[in-house]
Amino acid sequence: MGTIIVACQTIRDEVNLAIAETGVNYPVLWIEYGLHNFPDRLGHKIQEEINKIENVKTILLAFGNCGNSLLGIKSPQAQLIIPRVDDCITLLLGSYERRQNLYKEIGTYFLTKGWLENEQNLLSEYERCVKGYGKDKALRVMKMMLNNYHRLMVIDTQAYQFEGILIKTKGFADALGLSHEKIDGSLRFLKKLLLGPWDEEFAIIPPGQEVMLEHLIINNDEGLMQKPCVPSYS
Amino acid sequence: MGIINNVEEFKARRFLTHAMGKLDEDTVLNLVKQGLEQGVDSLEMINDARAGMEKVGELYDEGKYFLCDLMVGAEIFTDVINLVLKSTNIEPVSIFPPIVFGTVGGDIHDIGKNIMISVLKSKGCRVYDLGVDVPDAAFVEAIKKTGSPVLCLSGLITTAYESMKKIVDLLEKEGLRSKVSVVIGGLVNEAVKNYTGADYWVTDCAKGSDLCFRIIHDHSGKQEIACL
């Protein structure tokens, strides 16, 4: 009765690096990429794969709760260990607090190489939009999508050749009027998932029990920044 | 070519839905302009455009449309509503309190919020829009100030749920909870509704605006409709 990792293909490079650096030898079941925009389907796919797992005591889920995709998931025989993070970006930044602080600074859209290569991402949407509707409309639509975002941040997780993607992301940020920044990622969270301890940063779901929102949500005790709020009356 | 009789109008309206589903902006806006010139019911036209948007959503689910197509649809739909608002000069019904709306603290997404506000306005409803990343207390203050029976909380990221829950708790603490229906929208479902303590959850702007409309109507205790 051992341990198995079920992980998102989008963070494959980072999970593999964490495995190499920690030296664990658990098998990994990769969940196909491209499902982030369809959280229900992502959830079904994860459940489908979990249903195939037998003779395992612990399943480590290397996922964030992207789009609530983890809700309702269960394993009849194994316990599930799940990072209590809003999405996989937090996993790659190393902590929920760091993610929150960056977000509070300024509306920030994060990207990694995995997202650029594997998911329907902002850049691919922009290219598709230019092709289908012309540059002017594509810019208008992307600005609508990114309303209130002011920064594009590319995470250097040290798991891949980073410099190669920066030309693309910089060009996109310039076109949309976003500032472009790099930030070091961290494998702390992923390594802690592999090695423990599974403290308050993780949800431990016993066999047979479904994942609920209450298991994953983080109580932000420090409260939100109170700031002036000017309503528009119409 | 004008819309000359009921049959023509029926055909034009079906064509409007079809063109919306095809994301054919020029045709959609031309049909709406023609319809407005010829006195076609503006709310009916918005409903027809909405039906086209449902088709856009279906095609997205089937993988035939992508996110940028959804956004193009949202833009055309917003343009339709703005055309209607501009041409029909809909006056908000001031005897009813405005609907308080905002994206909760920690979240800055506002596409859905803005579309739903446009739909509400097209029905003559007043909206008190607090914007995005709104502090919890500002919602409660707005309810106190306006006396609104409807509070719409929007959020597209999972961290928004904690803010929604805190706002509902704050309403309770201030003795306002029983007077206000809390509607959450965005990335929400029944589990999120239960967690936050909200009364309703919506993921469809048109259905959400119908719901708000109904709440205001019920709250007014009057037989006539609250807005238009």
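Residues numbered from 1 in each chain as written. Chains lettered and ligands numbered in written order. Predicted model: local features only at pLDDT ≥ 70, side-chain atom pairs only at ≥ 80, totals over all residues. Heavy atoms only, no water.

Draft legend 1. Structural detail: the sheet that holds strand E4 (residues 79–83) of chain A. All names here are of chain A. With mixed pairing, five strands are arranged side by side in an open sheet as E2-E1-E3-E4-E8. A strand with exactly one partner marks an edge of an open sheet, and here the two such strands are strand E2 (28–31) and strand E8 (202–205). The average angle at which neighbouring strand axes cross in this sheet is 20 degrees, direction not considered. The pairing of E4 with E8 spans four bridges and is classified as antiparallel. By the bridge assignment for E8, Pro-83 is matched with Phe-202. Lying on the sheet, helix H2 (residues 39–51) is in contact with E2, strand E3 (56–62) and E4; it crosses E2 at an angle near 155 degrees. In the packing of helix H9 (residues 188–195) onto the sheet, contacts are made with strand E1 (2–8), E3, E4 and E8, and the angle to E3 comes to roughly 175 degrees. (Pairing = 2+ DSSP bridges. Helix = DSSP H or I, 4+ residues; strand = E, 2+ residues; numbered from the N terminus. Axes fitted to C-alpha atoms, helices over the stretch in contact; angles between N-to-C directions. Contact = heavy atoms within 4.5 Å.)

Draft legend 2. Quick look at the domain arrangement of chain B. Residue and element names in this part refer to chain B. Looking at chain B, the domain boundaries give domain 1 (2–88) and domain 2 (99–227). Averaged C-alpha coordinates put domain 1 and domain 2 at centres separated by 26 Å. Listed as interface residues are 10 residues of domain 1 and, on the opposing side, 11 residues of domain 2. A combined buried area of about 810 Å² lies between domain 1 and domain 2, and 76% of that area is made up of carbon and sulfur atoms. The largest share of the area that domain 1 buries against domain 2 comes from Arg-50, Ile-81 and Leu-85, three residues that together contribute 43% of it. Seen at the junction of domain 1 and domain 2, the total is one salt bridge. (Domains from an automatic or database assignment. Buried area = accessible area lost by both parts, 1.4 Å probe. Salt bridge = Lys/Arg side-chain N within 4 Å of Asp/Glu carboxyl O.)

Draft legend 3. How the structure looks around the interface of chain B and chain A. The partner chain A presents 41 residues to the 48 residues of chain B that form the contact. Contact between chain B and chain A buries roughly 3900 Å² in total, counting both sides, with carbon and sulfur atoms accounting for 59%. Among the residues of chain B in contact with chain A, Cys-68, Glu-75 and Ile-108 of chain B are the three that bury the most area, contributing 14% of the side total. Summed over the shared surface of chain B and chain A, the result is two salt bridges. In this structure, the salt-bridge partner of Glu-25 of chain B is Lys-137 of chain A, at a minimum N-O distance of 2.5 Å. One can count 11 residue pairs in polar contact (both at pLDDT 80 or more) joining chain B with chain A. Elements represented by at least two residues in the side of chain B that touches chain A include exactly helix H3 (42–61), helix H4 (67–88), helix H5 (111–122), strand E2 (127–129), helix H6 (136–146), helix H7 (160–173) and helix H8 (190–196) of chain B. Considering every element that reaches the side of chain B that touches chain A, the biggest residue donor is H4 of chain B, with seven residues. (Polar contact = N/O pair within 3.5 Å; in protein donor to acceptor, adjacent residues only side chain to side chain.)

Draft legend 4. Spatial organisation of the packing of aromatic side chains. All names here are of chain A. Applying the stated criterion across every chain yields a total of three aromatic pairs over all chains. Relative to Tyr-149, the ring of Tyr-109 has its centre 5.6 Å away and its plane inclined at 70 degrees; by these criteria the two rings are edge-to-face. Separated by 40 residues along the polypeptide, Tyr-109 in strand E5 (residues 108–111) and Tyr-149 in the loop between helix H7 (135–145) and strand E6 (151–156) bring together distant segments of the chain. With relative accessibility at 25%, the residue Tyr-109 sits in the partly exposed group. Seen from their ring centres, Phe-189 and Phe-202 are 5.5 Å apart, and the 75 degrees between their planes marks the pair as edge-to-face. Here the residue Phe-189 occupies a position in helix H9, and Phe-202 occupies one in strand E8, the gap between them amounting to 13 residues. For Phe-189, a relative accessible area of 1% gives the class buried. (Phe/Tyr/Trp six-rings, centres within 6.5 Å; stacked < 30°, edge-to-face > 60°. Buried < 20%, exposed > 50% of the residue type's maximum accessible area, 1.4 Å probe, protein only.)

Draft legend 5. Looking closely at the confidence of the model for chain A. Across chain A, the average pLDDT comes to 87, with 92% of residues at 70 or higher. Note that residues 222–230 of chain A has pLDDT below 50 and, in this model, 17 contacts with residues that lie over four places away or in other chains. (pLDDT = per-residue confidence, 0-100.)

Draft legend 6. Looking closely at the sheet that holds E6 of chain A. All names here are of chain A. The parallel open sheet is built from three strands, whose spatial order is E5-E6-E7. Unpaired on one side and paired on the other, E5 and strand E7 (179–184) mark the two borders of the sheet. The mean angle between the axes of side-by-side strands here comes to 30 degrees, regardless of whether they run parallel or antiparallel. In this fold helix H4 (residues 96–105) packs onto E5, E6 and E7, with an angle of close to 135 degrees to the strand it touches most, E5.

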